[in-house]
Amino acid sequence: MTLPTALPMTVPAPALPPRVRIYEVGARDGLQNEKAVVPTEIKAEFIRRLAAAGLTTVEATSFVHPKWVPQLADSELLFPLVRDLEQDAEAQLPVLVPNDRGLDRALALGARNVAVFVSATESFAKANLNRTMAEALAMSEPVVTRAREQDVRVRGYLSMCFGDPWEGAVPVAQVVRTAKALLDMGCDELSLGDTIGVATPGHVLALLAGLNEAGVPTDRIGVHFHDTYGQALANTLAALQHGVRTVDASAGGLGGCPYAKSATGNLATEDLVWMLDGLGIETGVDLGRLTATSAWMAEQLGRPSPSRTVRALTGTSHQEQ
Ligand code: MG
C-alpha cells in the first residue's frame, strides 16, 4: 500500500526532551482487547513491521495463563518467531509475566525484558486478579527478584493511577506508595497507567511531582495514557515537559478499554509520532511505514483504525466505522 507522505511542520517548543522512547504496546495491550483471535503468523508479521518502522521497544505478548487471555494463548509459539529482532534489529521485545510460572516460560524462551502488573486500587486488584493490592505486590516480588538475578530488565505496570471505575478518583499518595513498592522490589522502570483515560494534565503533573518528592527519579517513569476522553496527547505533553522520556502507545490505537464504554482506548502511536515529529523530538520512527503497518493490521482485523492520524493519512472516513 502506498500512502501519502504528509508530515507536520517541525517547530520545536521549549522545555522538552530531544528524544523520546516510544514503548509500543499494540501487539500485547492492543490485541488482548480484540475479540477475534489473530493468527500467530499475523502477529509475528505485525511485530516485524513495527520494528522495521523504527520502534525499538515492542512489547510482544504475555505469558499469562492461556485460559485468562485466549488472544495471547500462543505466546510460546509467537515469541520464537520474533526473538531474532532483539539481535538483528536491536529492538527490545518485553513480555508480560503475571507470576512465577509466566516468568519460567518467558525465560525458557530467552526473554530479556519482562513486565509485571499491579493495580493502584483495591477494586481493580480484586476485579482483575482477584487479589488484594498487598497480595498482588507479594506475588510480583519473587518474579522481579528472580528476573533481576538473571539480568533481565523488569518494567512494573501500575494501573488505575488516575481514576478507577469503582472507586472514582485515586489519591496521589496511594499511587506513590504502590509505585515505590514496585521500585523497591527491583523494577527498573515504572509505567503509570491511566486505565480508564480520565487523567488531565494538572493531575499528571501532581502525580509526577509526588513521585519525585518520594525519591522516584523521572528517568525511571514511563506514562501510559488512554484517549477515552481525548486527553492522551495533552497529558503526554505535560509529562514530557516534566522530563518524562518514555511514552507507551499502541499502533493504530489498537485496544479499546474494557472498563470504559468507549471504542477509544490506548493512545495511538501514529498520533503520538505526529506530535513528536512536529515538535522536532527524535523517536526513530518512520510515520509512513508505521501508518502502513496499522492500515495493514486494520485490514486483518476487518475494521478501520481508530487513530486520527491513520485515518487522515489513509483517507479513512469516520462513517466507515
Ligand atoms: Mg493500555
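Preceding this paragraph is the structure being described.
Residues numbered from 1 in each chain as written. Predicted model: local features only at pLDDT ≥ 70, side-chain atom pairs only at ≥ 80, totals over all residues. Heavy atoms only, no water.

The subject of this paragraph is the packing of aromatic side chains. Applying the stated criterion to the full structure yields five aromatic pairs. Taking 6.4 Å as the distance between ring centres and 85° as the angle between the ring planes, the aromatic pair formed by Y23 and Y157 counts as edge-to-face. Of this pair, Y23 sits in strand β1 (residues 21–24) while Y157 sits in strand β6 (residues 153–159), placing them 134 residues apart in sequence. In this pair, the class of Y23 matches that of Y157, namely buried. Ring centres of F63 and F79 lie 6.4 Å apart, and the angle between their planes is 75°; on these two criteria the pair is classed as edge-to-face. Taken together, the residues F63 in the loop between β3 (61–62) and α3 (75–82) and F79 in helix α3 connect sequence positions 16 residues apart. (Phe/Tyr/Trp six-rings, centres within 6.5 Å; stacked < 30°, edge-to-face > 60°. Helix = DSSP H or I, 4+ residues; strand = E, 2+ residues; numbered from the N terminus. Buried < 20%, exposed > 50% of the residue type's maximum accessible area, 1.4 Å probe, protein only.)

Turning our attention to the side chain of D188. Tracing the chain through its elements places D188 in the loop between α8 (172–184) and β9 (189–193). If sequence neighbours within four positions are ignored, D188 has contacts with R148, V152, R153, V154 and R220. (Contact = heavy atoms within 4.5 Å.)

Moving on: the packing of helix α2 (residues 40–52) against α3. Look at α2 against α3: their axes get within 9 Å of each other, and the N-to-C directions meet at 35°. Considering the relative orientation of α2 and α3, their crossing is right-handed. Between α2 and α3, the residues in contact are T40, K43, A44, I47 and R48 and L77, L78, L81 and V82, respectively. In terms of residue class, the contact of α2 with α3 is built from six nonpolar, one polar and two charged. (Axes fitted to C-alpha atoms, helices over the stretch in contact; angles between N-to-C directions. Left-handed = near helix turned anticlockwise from the far one by under 90°. Nonpolar A, V, L, I, M, F, W, Y, C, P; charged D, E, K, R; others polar.)

Tracing the backbone shows G315 in the segment after α13 (308–314). Along the backbone, G315 and A60 are 255 residues apart, and their C-alpha atoms lie at a distance of 29 Å.

So, about the pattern of salt bridges. Tallied over the entire structure, the rule returns 15 salt bridges. E282 is the salt-bridge partner of R19, the closest N and O atoms lying 2.6 Å from each other. With R19 in the segment before β1 and E282 in the loop between α11 (269–278) and α12 (287–301), the pair connects residues that are 263 residues apart, well separated along the chain. The class of R19 is partly exposed, set by a relative accessible area of 38%. Notably, a salt bridge pairs R153 with E189, separated by 3.7 Å at the nearest N-O pair. Placement of the pair is R153 in strand β6 and E189 in strand β9, with a sequence separation of 36 residues. Looking at R153, the relative accessible area reads 34%, which means it is partly exposed. Judged by its relative accessible area of 5%, E189 falls in the buried class. Members of the salt-bridge network, linked through shared partners, are R21, R153, R155, E189 and D248. (Salt bridge = Lys/Arg side-chain N within 4 Å of Asp/Glu carboxyl O.)

A word on the sheet that holds strand β11 (residues 246–249). Here nine strands make up an open sheet; going across it, the order is β2-β1-β11-β10-β9-β6-β5-β4-β3 and the pairing parallel. On the outer flanks of this sheet lie β2 (57–58) and β3, each paired with one strand and no other. Inspection of the sheet shows β3 paired to strand β4 (residues 95–96) by two bridges, in the parallel sense. In the sheet register, T61 faces β4, and the bridge partner there is V95. Contacting β1 and β11, α11 crosses the sheet at an angle of about 175° to β1. (Pairing = 2+ DSSP bridges.)

Attention shifts here to the environment of A111. With respect to the helices and strands, the residue A111 is situated in the loop between α5 (100–108) and β5 (113–119). Each C-alpha atom of the pair A111 and T218 lies 26 Å from the other, and the pair is 107 residues apart in sequence. The residues touching A111, leaving out its near neighbours within four places in the chain, are F79, V95, A106 and V152.

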